[in-house]
Structure formats: C-alpha cells, structure tokens
Amino acid sequence: MQKFSIWSLLRNAVSYHEGWERQWRSPEPQREYDVVVVGAGGHGLATAYYLAKEHGIRDVAVVERGYLGGGNTARNTTIVRSNYLWDEATQLYEKAMKLWEGLSQDLNYNVMFSQRGVMNLGHTLQDMRDIERRVTANRLNGVDAEVLNAAQVKEIVPFINLNTRYPVLGASLQRRAGVARHDAVAWGFARAADALGVDIIQNCEVIGIGREGGRVTGVDTAKGFIKAKKVAVVAAGHSSVIASMAGIRLPIESHPLQALVSEPLKPVFPNVVMSNAIHAYISQSDKGDLVIGAGIDQYAGYGQRGSYQTIEHTLQAIVEMFPMFSRVRMNRQWGGIVDISPDACPIIGLTPVKGLYINCGWGTGGFKATPGSGWVMAHTVAQDRPHPLNEAFALERFTTGHLIDEHGAAAVAH
Ligand SMILES: Cc1cc2nc3c(=O)[nH]c(=O)nc-3n(C[C@H](O)[C@H](O)[C@H](O)COP(=O)(O)OP(=O)(O)OC[C@H]3O[C@@H](n4cnc5c(N)ncnc54)[C@H](O)[C@@H]3O)c2cc1C
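Everything in this summary refers to the structure shown in the same document. Along each chain, residues carry numbers from 1 onward, in the same order as the chain's sequence is written. Owing to the predicted nature of the model, reporting of local features is limited to residues with pLDDT of at least 70; listing and counting of side-chain atom pairs is limited to 80 or more, with chain, interface and lining totals taken over all residues.

1. So, the overall build of the chain
Looking only at helices and strands, one finds 10 helices and 18 strands in the chain. A radius of gyration in this sense is built from C-alpha atoms; the matching globule rule multiplies 2.2 Å by the number of residues raised to 0.38. Against the globule reference of 22 Å for 414 residues, the chain gives a C-alpha radius of gyration of 21 Å, in line with a compact fold. Taking the principal axes of the C-alpha coordinates as reference, the chain spans close to 65 × 65 × 40 Å. What counts as a contact here is a pair of residues whose C-beta atoms, placed from the backbone, lie within 7 Å. Long-range contacts, defined as pairs at least 24 residues apart, comprise 74% of the intrachain contacts of the chain with a sequence gap of at least 6. Numbering of helices and strands runs from the N terminus, with a helix taken as a DSSP run of H or I at least four residues long and a strand as a DSSP run of E at least two residues long.

Put into structure tokens, the structure is as follows:
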C-alpha cells in the first residue's frame, strides 16, 4: 500500500499526480475463504479490516451487490457521538468514539473526523428532564456531557430562534462528538483491508446462504457459489432479506430515511444541532453545504427515496429554528434504507446457524459506530463468541426480554 504523507504528496505533485496506485484491487472471487463478509458498507469493511489486523484472519472476502460504500455509508448525515442512555449502548458507542479519535492515523487515510460538538435540543420540560438524566448517566460512564440552558445554546449558535412553535429550553452537549467524511471512512477501511489481503468483490449480490447440518457452508452469489467456514452478514437495510435466506426471521423493519444538502455557504454553522422531537438535524460540511437529516418514513420499503411531506416537515422546523436559512436553496435530496429494531439498538452476534453471524439493526444511527461495530464484530467472528461490549446486543434479547431501550437517545425517534 502506498503511504500517504506530505512527502508522497510532494513526490506525486511533480508527476502531476499520475503515479498513484489504485487504492484497492478488484479481484475475482476465490472458490473458498475462511470468512465471507456480506456487505461492503462501512461496518462490513471495518469487520474485514479488524479481522485481518487484530485477529490475523486474512483469508477474507467482502462481497457487495453494488459498489463499496454505495449504501447507507454514503447516504448518512455523518453525525458521530457516544452520549446514549444505557450503560451497554454508551460503552459500545464510546469504544467507537475512541477508535474514531485515532482512525485517520490507523488507516493512514484522512477520514476528516471533526470534533466540533453535538447539541441535542430540549423543547419541553420533559425533554429537559430526560436530558438531565442522560447527561448524568453519560458522566457516570466516563463520557463527556453537559447540560446547557437556552442562553448557553444561543451563545454557541447565536442565530437560533429560541421562541418558535418548538421553543428551545436547553440542550445536551457532547464536545468530543462531531462529524466525519462518510465515503472516506469506507474508502479508508477498504484500502487498509485490501492491503492486508482481504478481497473486496463488488457487483456480487448474495442470493442464497448455503447450509448443511445446521452449519453455514458458504454464499450463493451472482458470481457463483463461494465456500466459507464463516459468514458475517453486515448488510444494514437488507439484513432481514439475507437472514431469511438462512431461514432466520429477524425482528427488523426496513424504512426509508431521507437527507438533503443545500447549496454551499460560507462557514456559518459551528457545530451539529439535533432535535429528536422535531426529527431534524443539521450541520455544515467542509464544502459549505448545510447537511440536513429527516425522520424515517413511516412505511416499510426498500426504495432509496422517501415521501415529500417528511422532508417538508423537517425543513419547516429547520427554517423556524434558523430563519436566516429560509432563502437557502436545497441542492440534492436522497434516501437510504435503515434497519429498525424494536429497542432502537443493534443486533450483533451469533445466529441459530453455526458459523453465521449477524450485525444489523443500527437504524438511523449506525455511522457513528462504524469502527466500533467492525471491531466487536471481528472479535465475535474470530472467537465464535461475543466480545463483552456486544454481549448484551445478542439476537436472544428479543426472547429473553433483556431489551436496551434507546428510543430516547437514538438519532431520531423511531
Ligand atoms: C439519510 C440517512 C442519514 C443518516 N444519518 C446518520 C448519522 O448522522 N449518524 C449516524 O450515526 N448514522 C446515520 N445514519 C445511519 C447509518 O448510515 C447506518 O446505520 C450505517 O451506515 C449502516 O451500516 P453500513 O454503513 O455498513 O451500511 P451500508 O453502507 O448500507 O452497507 C450495507 C451494504 O450491504 C450491501 N448489500 C445489501 N444486500 C446485499 C446482498 N444481497 N449481497 C451483497 N451485498 C448486499 C448494500 O449494497 C450495502 O452496500 C443515517 C442513514 C441514512 C439513510
């Protein structure tokens, strides 16, 4: 792998940047692998990377039905934070946060992680009580968190209108939280995994899961059957479709979730502002666009678009809170398919089929977990048992009743 540094940039500048190697190979699949990961989104690529890096398992393929990073990875609004309510969730997301803090160095790829702070607004007295409770829980878990009153919110975002239909009474603030460049995350993991010997096979849809005697034998794909000792399904919005190929019914619903970006503006928005109550979140990208996310569409579906009234509602709320954006033009709008679990927490672990592992249910908020999710998933696949950080996120919790209800702290209420 060519190393990125100031020196390699200078060297390549002399040759008009025509000498750079391809970032990853495009191999044809082998007949057999130790591990096949289904889905080349951020989580699948991170799983493959940590399998190779942390566990020395390099005979790995990541099979992707489209192009790598073309799913939710490249469609999300890039918010990264770890201020969840319950101990299990906070510890998992905080593990991810710690990995984010060194990720560009680890991958030798600039993922543009910017810790500019994330505010979650409170609009009612009950919102503020919930914020107090969550901030206290975060601090008990060693996660940085503050409660702001309305005046402190205004100090950070002076142009916010506090007295609208959704009056702003205060907010929680996590200063270490922020945003990262989503495609760079997929590309960085892909490049680093490829350099460790992982085959990334694009345009290779999985259409069946081979099983024999209760054990996985491989995956049937658009490029033929690929034998595998272990298969890790990390396919976000399509997890339940793939799990059903192995006879497993997941407690997951797939819904469209929309986002949109404006025309580029001069730097104006200092941090990330989220409001669960009105299903809107906003930040400004390094390019200058306002990046705005909506709530989920209420119907289940796999079309990567959404309904107009959902974004209309989001933009109404954004414009009421930030009237100075009322004449900003929106450039692009799109949708992704998010996998919603009943307790708004992911499912990471073993399945009833031996050698088949699942990582899904991140819903509207999995981008922030990308490195942590891959890290615990790699451990689970390599050791054939969950890491203590993902033990509580097993599929069985929906039969034992040990749910981790994060509806209040998930990205948008669902
Ligand atoms: C509009 C929007 C905004 C969001 N905002 C945020 C945010 O601000 N912060 C946050 O933390 N999270 C956010 N999320 C959620 C986050 O994007 C997801 O939880 C996360 O990206 C899911 O993991 P992934 O990246 O691996 O998924 P994906 O990138 O979707 O990867 C799954 C891959 O599996 C592939 N696949 C599916 N079926 C098959 C098959 N049969 N065979 C082979 N491959 C298959 C897909 O093509 C896809 O590439 C948002 C999501 C959306 C849609």
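2. Thoughts on the sheet that holds strand β14 (residues 280–284)
The strand order β5-β6-β4-β13-β14-β15-β12-β16 describes an open sheet built from 8 strands, whose pairing is mixed. Of all strands in the sheet, those bounded by a partner on one side alone are β5 (146–149) and β16 (330–340). Neighbour-to-neighbour, the strand axes of this sheet turn through a mean angle of 20°, independent of strand direction. A pair of strands counts as paired when DSSP detects no fewer than two bridges linking them. Both strand β13 (residues 272–275) and β14 contribute to a ladder of 3 bridges, which runs antiparallel. Pairing of V273 across the sheet is with I282, part of β14. A fitted line through C-alpha atoms serves as each axis, taken over the contacting stretch for helices, and the angle formed by two N-to-C directions is quoted from 0 to 180°. Packed on one face of the sheet, helix α4 (residues 125–140) meets β4 (118–122), β5 and β6 (170–174) and runs near 25° to β6. Packing of helix α8 (residues 308–321) onto the sheet brings it into contact with β12 (253–262), β14, β15 (290–296) and β16, and relative to β15 it is tilted by some 125°.

3. What to know about unusual backbone geometry
In the Ramachandran plot, T78 falls in the positive-phi region, its phi being about 65° despite a non-glycine side chain. Residue placement: T78 occurs in the loop between β2 (60–63) and β3 (79–80). Residue classification places T78 among the buried residues on the basis of 24 C-beta atoms within 10 Å. A positive phi angle, near 50°, is found at N108, a position not held by glycine. For N108, the position within the fold is in the loop between α3 (87–107) and β4. To assign burial, the other C-beta atoms lying within 10 Å of each residue's own C-beta are counted, with C-beta atoms placed from the backbone; 20 or more indicates buried, 12 or fewer indicates exposed, and intermediate counts indicate partly exposed.

4. Observations regarding the site of the ligand
Whether a residue is near a molecule or strand depends on its C-beta atom, placed from the backbone, lying within 6 Å of it. The environment of the ligand is formed by 41 residues, the closest being G39, G41, G71, G336 and G366. When residues of the shell around the ligand are traced back to their parent elements, those giving at least two are α2 (42–55), β12 and β16. Residue polarity follows a fixed list, in which Ala, Val, Leu, Ile, Met, Phe, Trp, Tyr, Cys and Pro are nonpolar, Asp, Glu, Lys and Arg are charged, and the others, Gly among them, are polar. The residue makeup of the shell around the ligand, split by class, is 15 nonpolar, 21 polar and 5 charged.

5. With respect to helix α6 (residues 182–195)
An α-helical segment advances 3.6 residues per turn. Residues three or four places apart therefore align on the same side. Expected helix span is computed as 1.5 Å times (number of residues minus one). Compared with the 20 Å implied by 1.5 Å per residue over 14 residues, the 20 Å span of α6 between its first and last C-alpha is a close match. Counting buried residues in α6 gives 11 out of 14 residues, a clear majority hidden from the surface. Buried within α6 are the following residues: H182, V185, A186, W187, G188, F189, A190, R191, A192, A193 and D194.

6. As for the environment of G237
For G237, the location among the structural elements is in the loop between β11 (224–233) and α7 (239–244). With 65 residues separating them along the chain, G237 and Y302 place their C-alpha atoms 7.8 Å apart. When neighbours within four sequence positions are excluded, G237 is seen to be in contact with G71, N72, S254, Y302, G336, I337, V338 and D339.

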